Amino acid sequence: NVLAYTAYAGTHWPPGLGDPLAALRALRSLLNGHARAYRALRELNSEARVGIVLSLPVFDALANRPLDRVAARAQDWAFDDVLLRALDSGRLLPPLGLGWPAQPGLARSFDWLGVNYYGRYRVAFDRRAAGELFGRRDASATVHTEWTDWGEPHAESLTRQLSRLSWLRVPLYVTENGILDDKDERRPQFLLDHVRAVRAAIDRGADVRGYFHWS
């Protein structure tokens, strides 16, 4: 999802098309490629445990306003949820498709899920942001550079996300979690807070099997 939206819907990464329709085509191709790779690996070794890794930030409304909540939910659906639904059911729901089955073998084509989580995005409704589903992300508390925005460090949202993903009924791994911090001023507390957040998710019933720190 990062590749599709940053390189195809956006312009920050090559090929930088700035074309939302190209991003949807890229996402469908990536899902189809994953399904074919999953089947090929399992045919070679039926006991292989094959997973997929997704970037799964949290999207919250900037303020307690109905339109902010709608914009945040729309971004969550388009970036996170529609891919999870496709992997679970094999069907491509809007905006990926109209509910038809995707590549044969996509449904349940993962034995575990890797979660890349850096933070949350707080979203405000903005009628000028049609390309972002009318949601403008507030960057005042995020960790970002000119080219990349990792979101706002928010350990509690990692607990929420891991707990939410329990409906998929597969083991979870936090495959990336960290902070851009050249001076190492925020990283120690960030690491403590987020490991505790993983522990809290486990205590709530999430089947988390591992944590990998992005250094």
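Each remark here, short or long, concerns the structure printed above.
Everything quoted here is computed from the prediction, not taken from an experiment.

*Asks:* Any details on the sheet that holds strand 1 (residues 51–55)? Residues and values, ideally.
*Replies:* Taken together, the four strands give an open sheet; going across it, the order is 1-3-6-7, and neighbouring strands pair in parallel fashion. Single-partner strands in this sheet number two, and they are strand 1 and strand 7 (208–211). For this sheet the average axis-to-axis angle between neighbouring strands, irrespective of direction, equals 25 degrees. Pairing analysis gives five bridges linking strand 1 to strand 3 (residues 112–116), with the strands arranged parallel. What sits directly across from Ile52, in strand 3, is Leu113. Along the sheet, helix 5 (residues 187–203) makes contact with strand 6 (172–176) and strand 7, crossing strand 7 at roughly 170 degrees.

*Asks:* So, a nonpolar patch on the surface: which residues are in play, and what are the values?
*Replies:* Where nonpolar side chains cluster on the molecular surface, the patch consists of Leu3, Trp13 and Leu30 and spans about 260 Å² of accessible area. Looking at where Trp13 falls in the secondary structure, it is placed in the loop between helix 1 (2–9) and helix 2 (20–44).

*Asks:* Account for the nonpolar core, with residues named and values stated.
*Replies:* Considering soluble globular proteins, one finds that nonpolar side chains tend to be buried as a cluster. Counting 35 residues, the largest nonpolar core has Leu31, Leu96, Leu113, Leu162 and Leu165 as its most contacted members. Looking at this core, the elements with two or more residues in it are helix 2, strand 1, helix 3 (66–89), strand 3, helix 4 (155–164), strand 6 and helix 5. Apart from the residues within four sequence positions on either side, Leu96 is in contact with Leu24, Leu27, Arg28, Leu31, Val82 and Leu83. Of all hydrophobic cores here, the second largest spans six residues; its members include Ala71, Ala72, Phe79 and Val123.

*Asks:* How would you summarise the pairing of strand 4 (residues 120–125) if you had to cite specific residues and measurements?
*Replies:* With four bridges joining them, strand 2 (residues 58–61) and strand 4 adopt parallel strand pairing. Among the inter-strand pairings, Ala61 is bridged to a residue of strand 4, identified as Val123. With four bridges joining them, strand 4 and strand 5 (residues 135–138) adopt antiparallel strand pairing. Bridging from a neighbouring strand, Ala124 pairs with Arg136 of strand 5.

*Asks:* Before we move on, could you go through the side chain of Gln161 and cite the residues and values that matter?
*Replies:* Here Gln161 is to be found in helix 4. Of the polar contacts made by the side chain of Gln161, one reaches the backbone oxygen of Leu56; its length is 3.0 Å. Within polar-contact distance, the side chain of Gln161 engages the side chain of Asp80 at 3.4 Å. Dropping the residues within four chain positions of it, Gln161 is found in contact with Leu56, Pro57, Val58 and Asp80.

*Asks:* Break down the packing of aromatic side chains for me, citing the residues and quoting the values.
*Replies:* Under the definition given, this model contains seven aromatic pairs. Here the aromatic cluster, defined as three or more aromatic residues joined through ring pairs, consists of Tyr5, Phe59, Phe79 and Tyr121. It is Arg85 that lies over the ring of Trp167; its NZ or CZ is 4.4 Å from the centre. The ring of Tyr121 has Arg137 lying over it, and the distance from NZ or CZ to the ring centre is 4.6 Å.

Each value, and the rule that gives it
Residue indices follow the written sequence of each chain, beginning from 1 at its first position. Where local features are concerned, this predicted model is filtered to residues with pLDDT of at least 70; where side-chain atom pairs are given and counted, the filter is 80 or more; whole-chain, interface and lining totals use all residues. By convention in this description, side-chain values take in all heavy atoms of the structure and omit both hydrogens and water. Here, a strand pair is defined by DSSP locating no fewer than two bridges between the strands. Helix and strand labels come from DSSP, where a helix needs a run of H or I of at least four residues and a strand needs a run of E of at least two; each type is numbered from the N terminus. Axes here mean lines fitted to C-alpha atoms, for a helix over just the part in contact, with angles spanning 0 to 180 degrees between N-to-C directions. We call two residues contacting when some pair of their heavy atoms lies within 4.5 Å. A residue counts toward a patch only above 30% relative accessible area and without a salt bridge, and it is joined to like-charged neighbours within 9 Å or, for Val, Leu, Ile, Met, Phe, Trp and Tyr, to nonpolar neighbours within 5 Å. Surface exposure here means Shrake-Rupley accessible area, sampled with a 1.4 Å probe, where a residue is shielded only by the protein chains that are shown. Any carboxyl oxygen of Asp or Glu within 4 Å of a side-chain nitrogen of Lys or Arg constitutes a salt bridge here. Only buried Ala, Val, Leu, Ile, Met, Phe, Trp, Tyr and Cys residues count toward a nonpolar core, and they belong to the same one when joined by side-chain atoms within 4.5 Å. The rule is simple: take the accessible area with a 1.4 Å probe, protein chains only, and divide by the maximum for that residue type; under 20% is buried, over 50% is exposed, in between is partly exposed. Pairing of N or O atoms within 3.5 Å defines a polar contact, subject to two protein rules: one partner must be a possible hydrogen donor and the other a possible acceptor, and residues neighboring in sequence count only if both atoms are side-chain atoms. The rule is short: rings of Phe, Tyr and Trp, with Trp giving its six-membered ring, pair when the centres are within 6.5 Å, and they are stacked under 30 degrees, edge-to-face over 60, tilted in between. In this analysis the charged atom, NZ for Lys or CZ for Arg, is taken to sit over a ring once it is within 6 Å of the ring centre and within 35 degrees of the ring normal.

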